[in-house]
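Fold and contact review
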Protein chains: 2
Amino acid sequence: MKVFILGGGKGTRLWPLSRENFPKQFIRLFSEYSLFQETVRRALELTSQEEIFVITGKRYEWLIRSELEELGAENVNIVVEPIGRNTAPAIALGVKELLRLETPPNECILVLPSDHLIRDENAFKDAVERGKNIAKKGYIVLFGEKPAYPETGYGYIKLHKELEKGVYEVDRFEEKPDYDKAKEYVKDGLHLWNCGIFLFTLERIVKDYMEYMPEVNLNLKYEEFTRSFPDFPDISFDYAILEKTKKLAVVKMEAKWSDVGSWKAVYDNMEKNGNGNVVIGDVDAIETENSLLLSQGNNLIACVGLKDFIVVGTEDATLIMRKEESQRVRDIVKHLKEKGDERAVEHITSFTPFGSITKLENGERYRIRKLVIKKGKETPLQMHHHRTVHFIILRGTAKVRINGSERFYHENESFFIPKSIPYKIINVGRIPLEIIEVESGEYLGEDDVEILE
Amino acid sequence: MKVFILGGGKGTRLWPLSRENFPKQFIRLFSEYSLFQETVRRALELTSQEEIFVITGKRYEWLIRSELEELGAENVNIVVEPIGRNTAPAIALGVKELLRLETPPNECILVLPSDHLIRDENAFKDAVERGKNIAKKGYIVLFGEKPAYPETGYGYIKLHKELEKGVYEVDRFEEKPDYDKAKEYVKDGLHLWNCGIFLFTLERIVKDYMEYMPEVNLNLKYEEFTRSFPDFPDISFDYAILEKTKKLAVVKMEAKWSDVGSWKAVYDNMEKNGNGNVVIGDVDAIETENSLLLSQGNNLIACVGLKDFIVVGTEDATLIMRKEESQRVRDIVKHLKEKGDERAVEHITSFTPFGSITKLENGERYRIRKLVIKKGKETPLQMHHHRTVHFIILRGTAKVRINGSERFYHENESFFIPKSIPYKIINVGRIPLEIIEVESGEYLGEDDVEILE
């Protein structure tokens, strides 16, 4: 079995922990691993690294590589979308990749979102096994979680007749019902939450794309296919394929699945203390109940008298809201984006191909950052015309190329880069290289970083 | 007239904006000046710089000097208490200073706390003028603000008969009445808030100290007096003198006085927007009313659905509480102190004799700070045995003494200090000297800073 992991996603709903450049799937809240890593771990219970394909945008590629490395899962495949598109083109790209690799037509493909939570992994594994049987019979298989409470934010699947034990034909889909309807659905036993997980054989899905989404021409050569990718309609797999295909089945599961799509959902899925609080990080709470209190970095959260609140503090922002208004975080992110506020987009630490960059201080004529260059990685060869740069090695050993000549620098040594001189820093050591960078000059914009290779 | 400004005070009640090392009087909230600076400005309306004496502890001396410099008030006198004591010893120290300067016995002395707010300065000036007349007649004069609402956190003065227009004899004091009593006091017109402002002649107060607090021997030589200071009883001026003295008067005023001793009081004394919110700094508020929303440094405050809240975010902590629970901030600071949390004591920027130090990052084997050395100031000559230090000049010109020899360093140059080598940095330029300091070594404790002069 092949597994596609959809590694896209937005950073709006769990702001300020998630950011546009650091969406929900990379958050570490529920375990020591990110939701993305948990998804990979789940996939590795079902198949081997080489059978897994992460489909993602250029923007997250390095982050995903780093997360896979951390798991020792470097052999997982990464398929980079030429441009950000919806799930229908993304899955088609994965399918095209399998065709290129001459995968047998009866091979099963399991499609997993990377930002959901599944707390009962055995129940999920069982469900996939049941799904495989029915997929082999030519069905596109969905996975439906038995509703635990009347959630109005999810899509529901109405069941038709049972095909096999715990596997049903689909009657119809219903998006985000009102509360009364949702309550009915929990009771009637005929509705399941649509988990956005799909399973099908390669030949089934190729046929469906040909028939229902002919703009996506899987017969093109690989290079032509990726070249035409930006022209594919920006629509979801649900809309393009599921709503049209003939043979649709759903596997019922009770895997404690959640899309954790709001801070309220995060609260609901975490362990509470005696006061009903979820407390993470540096928090001092007095007379506070049924609240999510989360502190990250150096932002102590001290609170008095909160009931049913969400408080999330990070290095550069703090969100405070009533739990039932969880959805409004979207409005906040919208305001920030309108104002061009970087805090909608990035944390103070951002990830790059070579490691990470943490902003420490910005002055009028200087900028101080901490760089971490991972073992075996290097910065691009670059040059600045309006700034000089001092580097001080905090930890590790660097090979530095300045104007063509090379030298080694060790912990606690420093070096200086004049204006208009090309340089590159390579971590030749066995541990991460940590460096302080002090840039200084009359102009510090990103467009004075001339990349030379 | 001489003015004493009492520059002590704790940093508990307006945490996290105030800290133990940065108490309330240094906060800038109500104007571009701190409460301390506003107090000095008020005093300068009444007398000249040379007649003003700030009485304060060693801990705040440099901060006070810097605040005075900013006002161009370098000729204001600073009297440093040998050890932190209550107001009775502090005022006695000021009195001893006046005796040393051979001040005439009939000179008036006005004593002002440095952390109160007075919004109607003319009403205050008037009150002081009235007070001077009565002080000259041998009274100790208090100032009482007409209560604007039933405050239970203040002390009240009950009036006896009127001595002159708007000046009364004192019947008795009442500390923090309950709400019903406070309501009565607002109505009856016989009670005033005790503002903690005193006015008396030198001879009157010397007599009273001799009689009511003989442990404070004003006849000792100045050096002996300061040497015996630590043995003085740690009691308030109210308790030591006011409750015992015979001739006590109170000037009634309506100067919009507040001790701004809680976040609620801060809210009450500030201008609100249409939703009844006080908004300062980087704030995004949705459906929020009657709240104080304050952000300092890089800590965006985003909130949804708050009513009657206090939210105060700083670089390293965020306080969130219901307005009516303002007093509980004390408990938070207590918890932090019990845990040894530095955030009870200091901001990430702290003030030193030479300028300021801002913590940027702490690693296991390194520490990064930004130093600002003011024009004409210098660091002490110092030496470390367990760390080396890199310095990079961001702005300004430094004269650096390393192991006895001196060199100049300019913007964008760097220098290195090996272990066990004495060094000193002097700002010889005309602008503040800004430097990045990267310390690195096996031990970074404060006790490996050996001061050599």
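The following refers to the structure shown. (Residues numbered from 1 in each chain as written. Chains lettered and ligands numbered in written order. Predicted model: local features only at pLDDT ≥ 70, side-chain atom pairs only at ≥ 80, totals over all residues. Heavy atoms only, no water.)

Details of the overall build of chain A
- Within chain A, the secondary structure is distributed over 10 helices and 28 strands.
- Here chain A has a C-alpha radius of gyration of 24 Å; the compact-globule value for 453 residues is 22 Å, and the two agree.
- Each principal axis of the C-alpha atoms in chain A carries an extent, and together these give about 75 × 65 × 40 Å.
- A burial count over chain A gives 57% of its 453 residues as buried.
- Of all intrachain contacts in chain A linking residues separated by at least 6 positions in sequence, the fraction that spans at least 24 positions is 68%. (Helix = DSSP H or I, 4+ residues; strand = E, 2+ residues; numbered from the N terminus. Rg over C-alpha atoms; globule rule 2.2 N^0.38 Å. Buried < 20%, exposed > 50% of the residue type's maximum accessible area, 1.4 Å probe, protein only. Contact = heavy atoms within 4.5 Å.)

A short note on the relation of the copies chain B and chain A
- Aligned on chain A, chain B shows an RMSD of 0.1 Å; the corresponding rotation is 180° and the shift along the axis is 0.0 Å. Such a turn and shift between the copies fits a two-fold axis. Taking the C-alpha atom as reference, chain B places Leu360 of chain B closest to the rotation axis, 3.1 Å from it.
- The share of interface residues of chain B whose copies in chain A are also at the interface is 100%, consistent with both copies meeting through the same surface. (Least-squares fit on C-alpha atoms with pLDDT ≥ 70 in both.)

Considering the state of the cysteines
- Scanning the entire structure with this criterion turns up zero disulfides over all chains.
- The thiol of Cys303 of chain A is not disulfide-bonded; the next cysteine sulfur, from Cys303 of chain B, is found 14 Å away.
- Residue class for Cys303 of chain A comes out buried when judged on its relative accessible area of 0%.
- Cysteine Cys195 of chain B shares no disulfide, and the gap to the nearest cysteine sulfur, in Cys108 of chain B, comes to 18 Å. (Disulfide = S-S within 2.5 Å.)

Overview of the nonpolar core
- Within the largest apolar cluster, 74 residues are counted, with the highest numbers of intra-cluster contacts made by Trp15, Leu110, Phe124, Phe143 and Trp263 of chain A.
- Tallying contributions element by element places helix H4 (residues 121-136) of chain A first for this core, with six residues.
- Ala123, Leu199, Val251 and Ile332 of chain B belong to the second-largest nonpolar core, a separate cluster that totals 73 residues. (Core = buried A, V, L, I, M, F, W, Y, C linked by side-chain atoms within 4.5 Å.)

Brief notes about the interface of chain B and chain A
- With 53 residues of chain B at the contact, the number on the chain A side is 53 residues.
- Summed over both sides, the interface between chain B and chain A buries roughly 4600 Å², with carbon and sulfur atoms accounting for 52% of that surface.
- Across the contact surface, chain B and chain A share eight salt bridges.
- Arg328 of chain B is the partner of Glu287 of chain A in a salt bridge, and the nearest nitrogen-oxygen pair spans 2.7 Å. (Buried area = accessible area lost by both parts, 1.4 Å probe. Salt bridge = Lys/Arg side-chain N within 4 Å of Asp/Glu carboxyl O.)

Comments concerning the pattern of salt bridges
Residues and elements named next belong to chain B.
- For the structure on display, the rule yields 93 salt bridges over all chains.
- Here Arg369 ties to Glu437 by a salt bridge, and the two come within 2.7 Å at their closest N and O atoms. Placement of Arg369 in strand E20 (residues 366-373) and of Glu437 in strand E27 (residues 433-441) is noted, with a sequence separation of 68 residues between them. Here the two residues Arg369 and Glu437 agree in accessibility, since each one is buried.
- Of the charged contacts, one joins Arg387 and Asp448 as a salt bridge, the two residues approaching to 4.0 Å between their closest N and O atoms. Of this pair, Arg387 sits in strand E22 (residues 387-395) while Asp448 sits in the loop between E27 and strand E28 (450-451), and the two are 61 residues apart along the sequence.

Brief notes about the environment of Ala135 of chain B
Residues and elements named next belong to chain B.
- Locating Ala135 in the fold gives a position in helix H4 (residues 121-136).
- Taking the C-alpha atoms as reference points, Ala135 and Ile368, 233 residues apart in sequence, are found 55 Å from one another.
- Not counting residues within four places of it along the chain, the set of residues in contact with Ala135 comprises Cys108, Val141, Leu199, Phe200 and Thr201.

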